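Read off the chains here:
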Amino acid sequence: ALPAYIGVAGVVNSDIASKLKLRLPFKQAKVEDDRRCALRGALEKNDGFVLHCGTGSFFATQKMGNTFFAGGWGPVLDDIGSGYWVGVRAMRACLYAQDGLLPQSDLTEYLMMTFNGDANMVSYAATASTAQVGTIAKDVVRYAEHGDRVAINVMRQGASQLEEKLQQLGWQENLAVCLTGGLGEHYEPYLSNAVQQSLIDALGTPLDGAVNLAREYHKELHR
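Criteria and cut-off values
Residues numbered from 1 in each chain as written. Predicted model: local features only at pLDDT ≥ 70, side-chain atom pairs only at ≥ 80, totals over all residues. Heavy atoms only, no water. Helix = DSSP H or I, 4+ residues; strand = E, 2+ residues; numbered from the N terminus. Buried < 20%, exposed > 50% of the residue type's maximum accessible area, 1.4 Å probe, protein only. Contact = heavy atoms within 4.5 Å. Pairing = 2+ DSSP bridges. Right-handed = clockwise from strand over helix to strand, strands pointing away. 1 Å grid on protein atoms, 1.4 Å probe; cavity = no way out; pocket = protein on both sides within 12 Å on 5 of 7 lines; lining within 4 Å. Points joined across faces, edges and corners; volume = space filled by probe spheres on them. Nonpolar A, V, L, I, M, F, W, Y, C, P; charged D, E, K, R; others polar. Axes fitted to C-alpha atoms, helices over the stretch in contact; angles between N-to-C directions. Parallel < 35°, antiparallel > 145°, perpendicular 65-115°, else oblique. Core = buried A, V, L, I, M, F, W, Y, C linked by side-chain atoms within 4.5 Å. Phe/Tyr/Trp six-rings, centres within 6.5 Å; stacked < 30°, edge-to-face > 60°.

Draft legend 1. Geometry of the environment of Y143. Among the secondary structure elements, Y143 is positioned in helix α7 (residues 136–145). In this structure Y143 comes out as buried when scored by relative accessible area, which is 17%. Between the C-alpha atom of Y143 and that of T108, which follows or precedes it by 35 residues, the distance is 10.0 Å. Excluding residues within four positions of it along the chain, Y143 makes contact with D106, L107, Y110, D148 and A151.

Draft legend 2. Focus on the pairing of strand β1 (residues 4–8). Bridge analysis of β1 against strand β2 (residues 29–33) gives five bridges, and the strand direction is parallel. Bridge pairing in β2 links Y5 to K30. Handedness of the β1-helix α1 (residues 14–23)-β2 crossover: right-handed.

Draft legend 3. Representation of the layout of surface pockets in the model. Reported here for the largest pocket is a volume of approximately 250 Å³. Lining of the largest pocket is provided by 16 residues; of these, A9, D34, R35, F58 and G72 occupy positions nearest its centre. Listing elements by their share of the lining of the largest pocket, those giving two or more residues are α2 (34–43) and β4 (57–63). If one sorts the elements of the lining of the largest pocket by residue count, α2 sits on top with three residues. Along the lines of polarity and charge, the residues of the lining of the largest pocket split into six nonpolar, six polar and four charged.

Draft legend 4. Unusual backbone geometry, seen in detail. With a phi angle near 55°, E44 is a residue other than glycine that sits in the positive phi range. Mapped onto the elements of the fold, E44 is located in the loop between α2 and β3 (48–53). Even without glycine at this site, M64 takes up a positive phi of about 50°. Its location among the elements puts M64 in the loop between β4 and β5 (66–71). The class for M64 is exposed, based on a relative accessible area of 70%.

Draft legend 5. Layout of the packing of helix α3 (residues 83–99) against helix α4 (residues 106–115). Across the interface, α3 lies against α4 with an axial gap of 9 Å and an inter-helix angle of 95°. Of the possible angle classes, the one that applies to α3 and α4 is roughly perpendicular. On α4, the residues that touch A90, M91, A93, C94, A97 and Q98 of α3 are T108, L111, M112 and F115. Residues belonging to the contact of α3 with α4 are distributed by class as follows: eight nonpolar, two polar and no charged.

Draft legend 6. Inspection of the nonpolar core at higher detail. Formed by 41 residues in total, the largest nonpolar core has its most connected members in V86, V140, L183 and Y187. Counting residues per element, the ones that place at least two in this core are β3, α3, α4, α7, α8 (149–168) and β6 (177–180). If one sorts the elements of this core by residue count, α8 sits on top with eight residues. Those residues in contact with V140 that lie beyond four places of it in its chain are V86, A90, L107, A151, V154 and M155. With nine residues, the next largest nonpolar core counts L39, L43, F58 and A60 among its residues.

Draft legend 7. A look at the packing of aromatic side chains. Across all of its chains, the model carries two aromatic pairs by this definition. Aromatic side chains Y110 and Y143 sit 5.5 Å apart centroid to centroid with 35° between the ring planes, which places their arrangement in the tilted category. Of this pair, Y110 sits in helix α4 while Y143 sits in helix α7; the two residues are 33 residues apart in sequence, bridging distant segments of the chain. Summarising the aromatic geometry, the rings of F115 and Y124 are spaced 4.9 Å apart at their centres and angled 55° between planes, so their arrangement reads as tilted.

Draft legend 8. Focus on the sheet that holds β4. Across the sheet, which stays open at both edges, the five strands sit in the order β5-β4-β3-β6-β7 with mixed pairing between neighbours. At either end of the open sheet lies a strand with only one pairing partner, and these are β5 and β7 (199–200). With four bridges joining them, β3 and β6 adopt parallel strand pairing. Bridge pairing in β6 places L51 opposite L179. Lying over the sheet, α8 contacts β3, β4 and β6, oriented at roughly 145° with respect to β3.

This is the structure in structure tokens:
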């Protein structure tokens, strides 16, 4: 039987990996967090940093073969800059605009019309999945590109927190940074010039990273 390499979200420690491995129908398997697949796919074996913003988010760095991950703790405690994070802040801005604490904008009026009122928005936020809330980020990106001040402010808040995490990971000017995930690239205009000048395109996808890691695992077993 062939060995299996599995990258799964939520495998944050060896205990979880071992328990999952016992439930799988493989004689030989290596189970890891899927963030490693995304990092390898984006950078291959090159040094650099990854800021991943999809429905969720995480941060990673790779230097001389050593990797370090942060974030990815889910929407309740973390997921800074994710689609869910953006969606929540957009809805919050709508409600604050209703209260007169923030100015109305095309985005807030559009979302309020889409939900048919503040009560429906509150009800939706309480029951919707993270993926459903994350779809609102598409509207935020679209309105921000057309100059909507509320949408731009949400994107700027996200970019600011992404840069803060980047600095905490030890980033310095001219070190490569890769934005990944469906929302990642949309933060580029809101990042500082120093970070923008360090941005590189992802070399591959998380699936590419998983294939490369699987090949390495196979070689380890046959040394």
